[in-house]
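Topology and contacts: notes
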Amino acid sequence: MKIYNTLSKRLEEFIPITPGKITMYVCGPTVYNLIHIGNARPMIVFDTFRRYMTYRGYEVNYVSNFTDVDDKIINAANEEGTDSSVISERYIAECRKDMQGLNVLPATTHPQATKEIPEMIDMIRTLEDKGYAYKVPDGTVYYRTRKFTGYGKLSGKNIDDLESGHRSENHALKVSGTEGKEDDLDFVLWKPKKEGEPYWESPWCDGRPGWHIECSCMSKKYLGDTIDIHAGGEDLIFPHHENEIAQSEAANGVPFAHYWMHNGFLNIDNQKMSKSLGNFFTVRDIAEHYDLQVLRFFMLSAQYRSPLNFSDKLMESAKAGLDRIKNAVSNLSDIIESGADGGMTDAEREIIEEAKRQQERFNEVMDDDLNTADAISVIFDLVKLANTATKSDSAENGVTKEFASTLKDEIVTLGDVLGLILEVKEETLDSDIERLIEERQEARKNKDFARADEIRDELLSKGIQLKDTREGVKWTRI
Ligand code: AMP
Ligand code: ZN
């Protein structure tokens, strides 16, 4: 597997710290609103990376945080006249729903900043002990940026160029807590509380952490001092990831992450997405018009580092593309039901050989820095093979069940690696469930417990769990 490493600025062979295992941290969203389609891009592409590496036999420990204390969350809470935890918990729940719709697997751990405050205080204390942090009179704690000799190594920025930029920025904003700040480049690790804001006690003052420290702490706590991969959108390279490196490496004394992966930005009709331009879409907005699988498919139609343009036209063509694949899978399913019995014909065996070569090509392009665009074209090639082989009526041309099932498995498996659900599973309708529950009640009344149990097990196999309560039988999907 070759990965483009933002740190070395070149493609590198991926070598994990522990053979067969991957530790990976992906910066997650700030939860003050429904997630937008830009936020969905890192979720989808790094979930695909995780799925692919799992398919290649790695055990992936995947951590992605929710930033649940931040100015935007506090503002949203003040507007609603509620607590900021009400806002963050609500949008974490909504984000999880969107992730499910996008078929993004839950992370191994989803830490939240507000639940890791003692760890952050510990790390800031370590930085202070080592001379990398200092407190100013109002209680703000700063990171002493210039003391970290590697500062700028990720973003490729020169520390002296940064200084002038920061100075004018600070002067323009009249940032509070600047009295006693040693250098304009120094960034906040801890800040004092303000009226109406959540706060925690600390050795410096009642207050809350700066943004960057949470990722350094959570990565250390859940994955260790040095991890394989740290990832996020390219806007995070500077200052967020640069600051994370400075904090973690100064505190832990070892390299922070071996590989840094960054996704390119998603634009709308070739413009930056923004509320003021009126071209801002949440994942929920898209879900009103499309199955979210189409959004996932669309996001994977470009390699993750390229900029990606979103438009109605491109979404329509993504929908058509995904439908084409699903139709081919559905045709193959029909043949599995009604095709010819017996072993594959020689011609079919040849096609399967070709399909196996395509599967190898899928691995090759995915090994090339996760080229999902080419991986999708491999799936289209398989669809072409399937459509050519099955184009006339299966009974007439005698396509075998074995052929259809082998080819279908391959397409569905590769789709699954990309997190695309290609097989339409028959949904158990609520009315069917109700009917079976009634039948089970009837059987129980007649003391036909064998039949009653049979029905319970049948429902269970369809993902329906029954519970006998005082109010009667209740069911849930599992
Ligand atoms: P935020 O909630 O702004 O911290 O963003 C969460 C994640 O979404 C980060 O990895 C960002 O880099 C990423 N992100 C935000 N906007 C976009 C966009 N338009 N395109 C791609 N990634 C984005
Ligand atoms: Zn982060």
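Note that the coordinates shown come from a computational prediction; the quantities given were computed from them, not determined experimentally. (Residues numbered from 1 in each chain as written. Chains lettered and ligands numbered in written order. Predicted model: local features only at pLDDT ≥ 70, side-chain atom pairs only at ≥ 80, totals over all residues. Heavy atoms only, no water.)

**Points about the sheet that holds strand 8 (residues 207-209)**
The following threshold applies: Two strands are said to pair when DSSP picks up at least two bridges between them. Here a helix means four or more residues in a row that DSSP labels H or I, a strand means two or more in a row labelled E, and each is numbered from the N terminus. Only the stretch in contact is used when fitting a helix axis, every axis being a line fitted to C-alpha atoms; angles between N-to-C directions are given from 0 to 180 degrees.
If you walk across this open sheet you meet the four strands as 5-6-7-8, and the pairing is antiparallel. What marks the edges here is a single partner per strand, and that holds for strand 5 (133-135) and strand 8. Mean inter-strand twist for the sheet, computed between neighbouring axes without regard to direction, equals 20 degrees. For strand 5 and strand 6 (residues 141-143), the ladder comprises three bridges, and the chain directions are antiparallel.

**Notes on the state of the cysteines**
Operational definition: Criterion for a disulfide: a pair of cysteine sulfur atoms within 2.5 Å.
Tallied over the entire structure, the rule returns zero disulfides. No disulfide involves Cys205; its nearest neighbouring cysteine sulfur is the one of Cys217, lying 16 Å away.

**What about the site of ligand 1?**
How we decide: One heavy atom within 4 Å of a molecule or strand is enough for the residue carrying it to be called near that molecule or strand. Whenever a nitrogen or oxygen atom comes within 3.5 Å of another N or O atom, the pair is scored as a polar contact, on the condition that within protein one atom can donate a hydrogen and the other can accept it, and that pairs from neighbouring residues in sequence are kept only if both atoms are in side chains. Only the protein chains shown count as cover for residues, and all accessible areas are computed by the Shrake-Rupley method using a 1.4 Å probe.
Close contacts around ligand 1 come from 16 residues, with Thr30, Gly38, Gly233, Asp235 and Leu266 the closest. The separation between an oxygen atom of ligand 1 and a polar main-chain atom of Thr30 is 3.1 Å. The backbone of Gly38 places a nitrogen or oxygen atom 3.1 Å from a nitrogen atom of ligand 1. When the free accessible area of ligand 1 is taken as 490 Å², the share hidden by the protein chains comes to 88%.

**Side note on the domain arrangement of the chain**
What counts here: Boundaries between domains were set according to an automatic or database domain assignment.
In terms of domains, the chain is made up of domain 1 (2-115 + 122-128 + 215-287), domain 2 (312-417) and domain 3 (431-477). Domain 2 and domain 3 are separated by 38 Å when their C-alpha centres are compared.

**Topic: the pairing of strand 13 (residues 464-469)**
Two elements, strand 13 and strand 14 (residues 472-477), share six bridges in a ladder whose sense is antiparallel. Within strand 14, the position partnered with Leu466 by the bridge is Trp475. Taking the residues between adjacent antiparallel strands as the criterion, strand 13 and strand 14 are bridged by two residues.

**Considerations on the coordination of the zinc ion (ligand 2)**
Here is the rule: Metal coordination here is assigned from N, O and S atoms located within 2.8 Å of the ion, or within 3.2 Å for Na, K and Ca; omission of water means that sites may look incomplete. Irregular is the default label, applied whenever a site is not tetrahedral (four donors, all angles between 85 and 135 degrees) and neither square planar nor octahedral (four or six donors, opposite donors over 155 degrees apart, all other angles between 65 and 115).
For the zinc ion (ligand 2), the protein coordination sphere consists of Cys27 (SG), Cys215 (SG), His240 (NE2) and Glu244 (OE), at 2.1 to 2.8 Å. Every donor counted, the four donor atoms about the zinc ion (ligand 2) form angles of 68 to 126 degrees at the centre, which fits irregular coordination. The sequence pattern formed by the donor residues of the zinc ion (ligand 2) is C-x187-C-x24-H-x3-E. Residue His240 and its partner Glu244 are located together in helix 7 (residues 237-252), separated by four residues, close to a single helical turn.

**Points about the pairing of strand 10 (residues 257-263)**
Within a regular beta strand, the side chains point alternately toward one face of the sheet and then the other, so they alternate between its two faces. As a reminder of what qualifies: Note on exposure labels: buried denotes an accessible area under 20% of the residue type's maximum, exposed denotes more than 50%, and partly exposed covers the range between, all computed with a 1.4 Å probe on protein chains only. When the strands point away from the viewer and the path from the first strand over the helix to the second turns clockwise, the crossover is right-handed.
Counting buried residues in strand 10 gives six out of seven residues, a clear majority hidden from the surface. Between the parallel pair strand 9 (residues 227-233) and strand 10, the chain is carried across by helix 7, and the sense of this crossover is right-handed.

**Considering the nonpolar core**
The tendency in soluble globular proteins is for nonpolar side chains to be buried as a group. To keep it simple, the criterion reads: What makes a nonpolar core is a set of buried Ala, Val, Leu, Ile, Met, Phe, Trp, Tyr and Cys residues whose side-chain atoms join them at distances within 4.5 Å. Any two residues whose heavy atoms approach within 4.5 Å are treated as being in contact.
Ile37, Leu295, Phe362 and Ile411 are the most contacted members of the largest nonpolar core, which has 86 residues in total. Two domains share this core, each providing at least three of its residues, namely domain 1 (2-115 + 122-128 + 215-287) and domain 2 (312-417). Non-local contacts of Ile411, meaning those with residues more than four positions away in its chain, are made with Ile325, Val329, Leu332, Ile379, Leu382, Val383, Ala386 and Leu422. Val69, Tyr132, Phe148 and Leu162 belong to the second-largest nonpolar core, a separate cluster that totals 41 residues.

**Here's the deal with helix 12 (residues 372-390)**
Applied cut-off: Working rule for helices: expected span equals 1.5 Å times residues minus one.
With 19 residues, helix 12 should cover 27 Å at 1.5 Å per step; its first-to-last C-alpha distance of 27 Å lies within 8% of that length. When we look at burial in helix 12, the residues that qualify are Thr372, Ala375, Ile376, Val378, Ile379, Phe380, Leu382, Val383, Ala386, Ala389 and Thr390.

**With respect to the packing of helix 11 (residues 346-367) against helix 14 (residues 401-417)**
Using the following cut-off: Each angle is binned into one of four classes, with values under 35 degrees roughly parallel, values over 145 roughly antiparallel, values of 65 to 115 roughly perpendicular, and all other values oblique. Residues were grouped as follows: Ala, Val, Leu, Ile, Met, Phe, Trp, Tyr, Cys and Pro as nonpolar; Asp, Glu, Lys and Arg as charged; and all remaining residues, including Gly, as polar.
Remark: helix 11 packs on helix 14, axes separated minimally by 10 Å, with the N-to-C direction vectors making an angle of 10 degrees. The pairing of helix 11 with helix 14 is recorded here as roughly parallel in orientation. Between helix 11 and helix 14, the contacting residues are Glu348, Ile351, Ile352, Ala355, Lys356, Gln359 and Phe362 on the first element and Phe403, Thr406, Leu407, Glu410, Leu414 and Val417 on the second. Grouping the constituent residues of the contact of helix 11 with helix 14 by class yields eight nonpolar, two polar and three charged.

**Focus: the sheet that holds strand 3 (residues 21-26)**
Read across the sheet, four strands follow the order 4-3-9-10 without closing on themselves; strand pairing throughout is parallel. At either end of the open sheet lies a strand with only one pairing partner, and these are strand 4 (59-64) and strand 10. Averaged over all pairs of adjacent strands, the angle between strand axes in this sheet comes to 20 degrees, irrespective of strand direction. Taken together, the six bridges between strand 9 and strand 10 define a ladder with parallel strand orientation.

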